[in-house]
Each structure stands twice: as structure tokens, then as C-alpha cells.
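Residue-level listing of the chains:
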Amino acid sequence: MELKVVTFKLGNQVFGVDIMKVESIVEVEKIVPVPETAEYIEGVMNLRGKIIPVVNLRKKFKMSDMEDKKKAKIIVSMVKDTLVGFLVDDVSEVLTLTESDIEQPPQSLSGKGKNTFSGLLKFVTIL
């Protein structure tokens, strides 16, 4: 079985998301901050007439925030019947993987991060 993943960068790390979960990839436009939300919520944006929340994945993963968000991209995905935008440094490429390319996450992972990753490659983490 093959899996196609869209790879993206956060700092010097590369991650991937199943292409079937990606609705679109858009440039960063106007993001309106929303008071009293989680610190990793960048705000909301208007995408083709729909207001969607934007999650800053650097903040979500407790990384330092990017200095220049003008070069960033937003990966729009359906999460529990809601469109959500994920702010990333850049979108790289689409990779075709087989099951043998993917390793299961270590059993030692605990806490909320335990369910974040579905598999690992030597150079790409698949969300």
C-alpha cells in the first residue's frame, strides 16, 4: 500500500501529512487574532468565504516562533468536521511512501504528544 504525504518544514525539521487530509495549501494573508484563545492559535482567516481557525504549529510543538510569517504557508485540513489552517514555515514536496518506509513511533512516548504522530521516517515525521 502506498501513502502520499505533503512534507512541510518547521525550523530545521521536516514533517509530513497524508495528502488525503489536505484540502488546500494557501499563502499567508490576513490572520485576525482572537482574544482569550490558546497561545498556539494564531487567529482566524477568511478562506473562500469561510472563517477558519489558524494553528501555529511551531507554537503547538513548543518551538520558537518564526520571525517572518510572510514566507510561511497554511495547510488547510479537515479536523473533526471542521476546516483548520496549520501555519508552517514552508511546504516542500509530495512523497510517495510504502508501509516499509514508515516506522511506528516509540512506545516510550507519553502525554499529549503520544497521539500526534502516526509514524516516523529517518527524515520525515508523518502527522
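Our subject in this report is the structure included herewith. Keep in mind it's a predicted model, so treat the numbers as computed, not measured. (Residues numbered from 1 in each chain as written. Predicted model: local features only at pLDDT ≥ 70, side-chain atom pairs only at ≥ 80, totals over all residues. Heavy atoms only, no water.)

Comments concerning the pattern of salt bridges
Test applied: What makes a salt bridge here is a side-chain nitrogen of Lys or Arg within 4 Å of a carboxyl oxygen of Asp or Glu, nothing more. Helix and strand assignments come from DSSP, with helices taken as H or I runs of at least 4 residues and strands as E runs of at least 2, each series counted from the N terminus. For each residue, the accessible area found with a 1.4 Å probe, counting protein chains only, is set against the maximum for its type, and the residue is called buried under 20%, exposed over 50%, and partly exposed in between.
Counted by the stated rule, this structure contains 6 salt bridges. Its salt-bridge partner being Asp89, residue Arg58 comes within 2.7 Å of it at the nearest N-O pair. Within this pair, whereas Arg58 is found in helix H1 (residues 57–60), its partner Asp89 is found in the loop between strand E7 (82–88) and strand E8 (90–98), the two being separated by 31 residues in sequence. Classification of Arg58 by relative accessible area gives buried; the value is 10%.

Some details on the sheet that holds strand E5 (residues 50–56)
Put simply, the test is: Strands are labelled as partners when DSSP assigns at least two bridges between them. Structural elements are reduced to axes, namely lines fitted to C-alpha atoms, with helices fitted over the stretch in contact, and the angle between N-to-C directions of any two is expressed from 0 to 180 degrees.
With respect to topology, 5 strands assemble into an open sheet ordered E3-E6-E7-E5-E4, the strand pairing being mixed. The strands lining the two open edges of the sheet, one partner per strand, are strand E3 (22–27) and strand E4 (41–47). Each adjacent strand pair in this sheet contributes to an overall mean axis angle of 30°, direction not counted. Two elements, E5 and E7, share 3 bridges in a ladder whose sense is parallel.

Just distances and angles here, no functional claims.
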